[in-house]
Amino acid sequence: MSQRLSPAMQVVTSAVRKAGRRLLRDFGEVEQLQVSVKGPSDFVSSADLRAEQTLREELSKARPGFAFLMEESGASGDDDWEWRWVVDPLDGTTNFLHGIPHWAISVGIEKRIDADRTEIMAGVIYNPASDELFWAEKGVGAFLNDKRLRVSARRDIREAVFATGIPFAGVPRKAEFSAILHRIMPQVAGVRRFGAAALDLAWVAAGRYDGFWELGLKKWDMAAGLVVLKEAGGFFSDPDGGDAYASGNIVAGNQALQPKLRELVVEGIAAVKAHQAG
């Protein structure tokens, strides 16, 4: 894998593996962690903070001019940054704290194209518990460790398995989620909710899922996953066909199924709006 990696990606993979080793030790002692409540069902643990600090130190050392957007500490660096790390040090925190080995470190490399546009140029999603490292660079392709990734080839929605994120307590859009799910479930082979959006996107890229939708995501939830998915031949947008990264609302899948999934998501959202208006 090192032969394919650019210098920047070598930096990222080294950083996520170092942070991952510490997270694995914490995962083995999850009951001992000191946990504070960041919001309803949204926990921040000492493991989150240590992982973020490790990533900041390693990435800053290698690329001191890059800005940061990090889940726990927010934005930092120059306002007119040209390059930025977009980091979720522990995606799937609730899984982590319950001893469920489905969580990941996600790092995207974002470039400012002009005053109004940016682009994710590369990304890494690493699950230390399974030692699966999903990575991609623009124009290079998407990979799981050394294996090239491609999205699934399914075209029949009746055979499709889609993933999603379920709104938790205190989060809006529960009515929209219910309406969307009501439309999707009768038409598909299954719907899964595993609790880590970065891995959901990576699994669509790997063909494990045929599609994914979720509303209200943050940039650090999506940055790395979007470039991995795109380089694996996937398609994504927000429900209106616009910029998912900007809106935080995403519908993703292969070329055949993404439009069908998006249509169902739009129908669910419209039904809720009509009910509220009436």
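Scroll up to find the structure this text is about.
Throughout what follows, the structure given in this document is the object of discussion. (Residues numbered from 1 in each chain as written. Predicted model: local features only at pLDDT ≥ 70, side-chain atom pairs only at ≥ 80, totals over all residues. Heavy atoms only, no water.)

**Considering the overall build of the chain**
Keep this limit in mind: Here a strand is any run of E in DSSP of at least two residues, a helix any run of H or I of at least four, and the numbering for each starts at the N terminus. Both definitions apply: the radius of gyration is a C-alpha atom measure, and the globule rule equals 2.2 Å times residues to the power 0.38. In this scheme, a residue with accessible area under 20% of its type's maximum is buried, one over 50% is exposed, and one in between is partly exposed, where area comes from a 1.4 Å probe on protein chains only. We get accessible surface area from the Shrake-Rupley algorithm with a probe of 1.4 Å; when it comes to residues, only the shown protein chains can shield them.
Of the regular secondary structure elements, the chain holds eight helices and 15 strands. Computed over its C-alpha atoms, the radius of gyration of the chain comes to 18 Å, within 12% of the 19 Å expected for a compact globule of 278 residues. In terms of its C-alpha atoms, the chain occupies a principal-axis envelope of roughly 55 × 40 × 35 Å. Within the chain, buried positions represent 51% of all 278 residues. Carbon and sulfur atoms provide 49% of the accessible area of the chain, an area that totals close to 12,800 Å².

**Focus on the layout of surface pockets**
Let me state the cut-off plainly: Cavity means a closed set of points on a 1 Å grid over the protein atoms alone, one where a 1.4 Å probe fits but cannot get out, pocket means an open set with protein on both sides within 12 Å along at least 5 of 7 lines, and lining means a residue has an atom within 4 Å of a point. Grid points are joined across faces, edges and corners, and a volume is the space filled by probe spheres set on the points. Side-chain classes follow a simple rule in which Ala, Val, Leu, Ile, Met, Phe, Trp, Tyr, Cys and Pro form the nonpolar group, Asp, Glu, Lys and Arg form the charged group, and the remainder, Gly included, forms the polar group.
Here the second largest pocket is characterised by a volume of approximately 500 Å³. Looking at the second largest pocket, it is lined by 22 residues, and the ones nearest its centre are Thr118, Glu119, Ile120, Asp243 and Tyr245. Put simply, the parts of the chain that give the lining of the second largest pocket at least two residues each are strand E6 (104-112), strand E7 (118-127), helix H6 (219-231), strand E14 (235-237) and helix H7 (244-247). Counting residues per element, the lining of the second largest pocket draws most heavily on H6, which supplies five residues. Counted by class, the lining of the second largest pocket contains nine nonpolar, three polar and ten charged residues.

**Here's the deal with the pattern of salt bridges**
The test is simple: Salt bridge, as applied in this entry: a Lys or Arg side-chain nitrogen positioned within 4 Å of an Asp or Glu carboxyl oxygen.
Applying the stated criterion across every chain yields a total of twelve salt bridges. Taking the shortest distance from any N to any O, the salt bridge between Asp156 and Arg158 comes out at 2.8 Å. Given the relative accessible area of 62%, Arg158 is considered exposed. One salt bridge connects Glu176 with Arg173, and the closest N-O pair in it is separated by 2.5 Å. Owing to a relative accessible area of 32%, Arg173 belongs among the partly exposed residues under this scheme.

**Here's the deal with the packing of helix H1 (residues 7-27) against helix H2 (residues 46-62)**
Rule in force here: Interaxial angle, 0 to 180 degrees, is taken between N-to-C directions of lines fitted to C-alpha atoms, where a helix line uses only the stretch in contact. Under this scheme an angle from 65 to 115 degrees is roughly perpendicular, one under 35 degrees roughly parallel, and one over 145 degrees roughly antiparallel; angles in between are oblique. In this scheme the handedness of a crossing depends on how the near helix is turned from the far one: anticlockwise by less than a right angle means left-handed, clockwise means right-handed. Only heavy atoms enter the contact rule, under which two residues are in contact if any of them lie within 4.5 Å.
As a packed pair, H1 and H2 sit with axes 9 Å apart at the nearest point and diverge in direction by 160 degrees. Relative to H2, the element H1 lies roughly antiparallel. Where H1 crosses over H2, the two elements pack in a sense that is right-handed. Only Ala47, Arg50, Ala51, Thr54, Leu55, Glu58, Leu59 and Ala62 of H2 make contact with H1, whose side of the interface consists of Val11, Val12, Ala15, Val16, Lys18, Ala19, Arg22, Leu23 and Asp26. Its residues assigned to classes, the contact of H1 with H2 shows eleven nonpolar, one polar and five charged.

**Thoughts on the packing of aromatic side chains**
Definition in use: Each pair of aromatic rings taken from Phe, Tyr and Trp, with Trp reduced to its six-membered ring, is defined by centres within 6.5 Å and is described as stacked if the planes are under 30 degrees apart, edge-to-face if over 60, and tilted in the remaining cases. Only when the NZ of Lys or the CZ of Arg is both within 6 Å of the ring centre and within 35 degrees of the ring normal is a charge said to sit over the ring.
In total, this model carries ten aromatic pairs according to the counting rule given. Aromatic pair Phe27 and Phe96: ring centres 5.3 Å apart, planes at 45 degrees, arrangement tilted. Taken as a pair, Phe27 in helix H1 and Phe96 in helix H3 (residues 93-97) lie far apart in primary sequence, 69 residues in all. With a centroid separation of 5.3 Å and an interplanar angle of 55 degrees, the aromatic rings of Phe27 and Trp103 are classed as tilted. With Phe27 in helix H1 and Trp103 in the loop between H3 and E6, the pair connects residues that are 76 residues apart, well separated along the chain. The exposure class assigned to Trp103 is buried, which follows from its relative accessible area of 0%. Taken together, Phe27, Phe96 and Trp103 form an aromatic cluster joined through their ring pairs. Above the ring of Phe68, the side-chain terminus of Arg56 is found at 4.8 Å from the ring centroid. It is Arg112 that lies over the ring of Trp81; its NZ or CZ is 4.2 Å from the centre.

**Points about the side chain of Thr164**
As a reminder, the rule being used: A 3.5 Å cut-off defines polar contacts: any pair of N or O atoms within that distance qualifies, except that in protein one atom must be a possible hydrogen donor and the other a possible acceptor, and neighbouring residues in sequence count only when both atoms are side-chain atoms.
Within the secondary structure, Thr164 sits in strand E11 (residues 161-164). The class of Thr164 is buried, set by a relative accessible area of 2%. A polar contact is formed between the side chain of Thr164 and the backbone oxygen of Trp213, at a distance of 2.9 Å. With residues up to four places along the chain from it excluded, the contact list for Thr164 reads Phe177, Val191, Arg192, Arg193, Asp200, Phe212, Trp213 and Glu214.

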